[in-house]
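Here is what each chain is made of, one letter per residue.
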Amino acid sequence: MEVNTEAIKNAVLAQDILVADKDLQPCDIVLQLPAVVCGPGRGKQPVCLGCLHLGDLIPCSTCTWPVCSAECEKSETHLEECVLLKSSGVKSTINPSNEATSDLDFITPLRLLTKLSSNKNLKEKFDKLQVRYCDVKDVVADNIVTFMNTLKCGYDNKEIEKAIRIIDKCSVSLDTGAVCVYEDLPNIAHSCSPNTYHMIQTTRNIVFRAAGPIKNGSAITYCK
């Protein structure tokens, strides 16, 4: 069956919170949001930089960083960072034992910054987010900034720090420990008794469905 990968929004912004734009019945799709970027989570087991799956990983023949196959080595997801990593001369030292590592923590911030540099509208939307690096500042986060400076990736410390904070605020974890960033996530209110439930499709779209009847104008909520 063909999967619809288009964004679906049965909600509108009202004072920075998404509210239903019509009456919704249980199991109705409230939101279907495409991922802005996906990548390894911080301090997790290493994943393939192409498909983000766990398992037997091999060094990319171009940049040495982990992939699971020749197909993933050439995937569009990995292509830009592969060129950068090769030109930097920084080689992967990830242990093949699949133990948790912080060595891939820079990948998702790098992917987000690359995406924002090519999408003005998306960058402007994220620039409006009230994010503070001090909320997530720790040794690991500082190490990401230091490592990305080593790569000479063209982004300054403030840009890298903001990317780290955006990922912290706007991402959902996959079962592999990888994360996906969604631009509308900060506009969905948190509730311990949410009126939606969500799942992430194989396309990496996140789908929120109504957990019960939702009245037109009601705030959309989820449990973080």
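In what follows, the structure referred to is the one given above.
My aim in this report is to walk through the structure given alongside it, one point at a time. (Residues numbered from 1 in each chain as written. Predicted model: local features only at pLDDT ≥ 70, side-chain atom pairs only at ≥ 80, totals over all residues. Heavy atoms only, no water.)

## A short note on the state of the cysteines
Under the convention used in this document: Disulfide assignment relies on a single distance test, namely cysteine sulfur atoms paired within 2.5 Å. Helix numbering and strand numbering both begin at the N terminus, where a helix is a DSSP run of H or I of at least 4 residues and a strand a DSSP run of E of at least 2. Burial classification: accessible surface area is computed with a 1.4 Å probe over protein chains only, and a residue below 20% of its type maximum counts as buried, one above 50% as exposed, and the rest as partly exposed.
If you walk through the whole model with that rule in mind, you get 1 disulfide. Here cysteine 38 pairs with cysteine 180 through a disulfide, and the sulfurs are 2.2 Å apart. Since a negative S-S torsion denotes a left-handed disulfide, the cysteine 38-cysteine 180 link at about 105 degrees is right-handed. Of this pair, cysteine 38 sits in strand S5 (residues 37-39) while cysteine 180 sits in strand S9 (residues 179-181); the two residues are 142 residues apart in sequence, bridging distant segments of the chain. No disulfide involves cysteine 27; its sulfur sits 18 Å from that of cysteine 223, the nearest cysteine. Note on cysteine 27: relative accessible area 44%, which makes it partly exposed. Here cysteine 153 stays free of any disulfide, with the sulfur of cysteine 63 as its closest cysteine sulfur at 15 Å.

## Concerning the layout of surface pockets
Worth spelling out the cut-off: Only protein atoms enter the 1 Å grid used here. Points where a 1.4 Å probe fits but cannot escape make up a cavity, open sets with protein on both sides within 12 Å along at least five of seven lines make up a pocket, and a residue lines them when an atom lies within 4 Å of a point. Grid points are joined across faces, edges and corners, and a volume is the space filled by probe spheres set on the points.
In this structure, the largest pocket spans a volume of roughly 590 Å³. Along the walls of the largest pocket sit 20 residues, with Val36, Val37, Glu76, Thr77 and Arg111 positioned nearest its centre. Elements with a contribution of two residues or more to the lining of the largest pocket: S5, helix H2 (76-88) and helix H3 (107-117). For the lining of the largest pocket, the leading source of residues is H2, giving 6 residues.

## Topic: the sheet that holds strand S12 (residues 206-210)
The following threshold applies: Only when DSSP finds a minimum of two bridges between them are two strands counted as paired.
Ordered by their spatial adjacency, 4 strands build an open sheet running S1-S4-S12-S11, and the pairing between neighbours is antiparallel. The open sheet has two edge strands, strand S1 (8-9) and strand S11 (196-200), and neither has a second partner. Pairing analysis gives 4 bridges linking strand S4 (residues 29-33) to S12, with the strands arranged antiparallel. Along S12, the bridge assignment pairs isoleucine 29 with arginine 209.

## Describing the packing of H2 against H3
We count it as follows: Only the contacting stretch of a helix is used when fitting its axis, a line to C-alpha atoms as for every element, and angles between N-to-C directions run 0 to 180 degrees. Convention used here: angles under 35 degrees read as roughly parallel, angles over 145 as roughly antiparallel, angles from 65 to 115 as roughly perpendicular, and any remaining angle as oblique. Pairs of residues are marked as contacts when any of their non-hydrogen atoms sit within 4.5 Å. Ten residue types, Ala, Val, Leu, Ile, Met, Phe, Trp, Tyr, Cys and Pro, are classed as nonpolar, four, Asp, Glu, Lys and Arg, as charged, and the remainder, Gly among them, as polar.
With their axes 11 Å apart at the nearest point, H2 and H3 run at an angle of 105 degrees to one another. As far as their axial angle goes, H3 and H2 are roughly perpendicular. Contacts from Thr77, His78, Glu80, Glu81 and Leu84 in H2 reach Ile107, Leu110, Arg111 and Thr114 in H3. In terms of residue class, the contact of H2 with H3 is built from 3 nonpolar, 3 polar and 3 charged.

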